[in-house]
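Take a look at the letters that make up each chain.
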Amino acid sequence: MLKGFYNLTSAMLTHQRDLNVVANNMVNISTAGYKSDTYTSSTFDEVMFSRVGNKYKGGREDIGEISYIRASDQMYTDFTQGTIELTNIPLDFAIVGDGFFGIQMDNGQVAYTRQGNFSLDEQGYLCLQGAGRVLDRNGQAIQLNTDKIRGDAQGNLYTEDGGYLGSLGVWNFEDLEALEHNEQGLFTGGQAQLMQTPQVQWGYLERSNVEMIDQMTEMLTAQRALQSAAQVTKMYDQVMTQATQQLGRLS
């Protein structure tokens, strides 16, 4: 008798989760190198329904399966490369194809990102603002002390007169699904492998791969589904209240 509440409330929770993911994608549409997320759900425990007789219960006939609850399943990240755009800013870098920049966070942990709009911190180290320092091919922080630099297609950094400053480290992962977002929006986890011949464009940025039209469509779909589930829940509650009152009068 109360199974409808389980179906409706689980649907509301799922659609609210969908809205949260879509909203986060839309907020980061201007974030360089951002990768859009997709939230998926699945049914929770399926039950086989069978037809049986009113008086004689033999000869069961299977009708089909039904699930009472829609439950959380998994978050998927779309690692498709975004558009590469020219910025002509000396501390902007974009990875072409596979790979991630390495960032050493304040807690010492290494995280990875496609976001390449770097800057210099107070000590002259190349850094991703609000996240940490950029690592070279040896896993060490890169100290430049100046933004008067140039870079080549392998991520090597030089002064304007040709002096070598270091090389950007670029790492890849065999299993991208093992990566997880941290609080700064960077990726952690997985088994990072240093790329020997990365393709890096200096003075360029990779834009977010979020498609605004697709996200708006997803937002409207989830919002209407959430509203519908909420309205039906209210109606179901009213029906249950009336049924309880009628049963109380009969007893």
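Residues numbered from 1 in each chain as written. Predicted model: local features only at pLDDT ≥ 70, side-chain atom pairs only at ≥ 80, totals over all residues. Heavy atoms only, no water.

This part takes up the packing of aromatic side chains. Counted according to the given criterion, the structure contains 9 aromatic pairs. Taking 5.3 Å as the distance between ring centres and 45 degrees as the angle between the ring planes, the aromatic pair formed by Phe-79 and Phe-187 counts as tilted. Placement of Phe-79 in the loop between strand 2 (61–77) and strand 3 (84–86) and of Phe-187 in strand 15 (residues 187–188) is noted, with a sequence separation of 108 residues between them. On the basis of relative accessible area, Phe-187 is assigned to the buried category, the value being 4%. Counting every residue linked through ring pairs, the aromatic cluster contains Phe-79, Phe-100, Tyr-112, Trp-171, Phe-173 and Phe-187. A cation over an aromatic ring shows up here: Arg-133 above the ring of Tyr-125, its NZ or CZ 3.9 Å from the ring centre. (Phe/Tyr/Trp six-rings, centres within 6.5 Å; stacked < 30°, edge-to-face > 60°. Helix = DSSP H or I, 4+ residues; strand = E, 2+ residues; numbered from the N terminus. Buried < 20%, exposed > 50% of the residue type's maximum accessible area, 1.4 Å probe, protein only. Lys NZ or Arg CZ within 6 Å of the ring centre and 35° of its normal.)

Once that is clear, we can look at the side chain of Ser-36. Secondary-structure assignment places Ser-36 in the loop between helix 1 (3–27) and strand 1 (37–51). We classify Ser-36 as buried; its relative accessible area is 6%.

These figures come from the coordinates and say nothing about function on their own.
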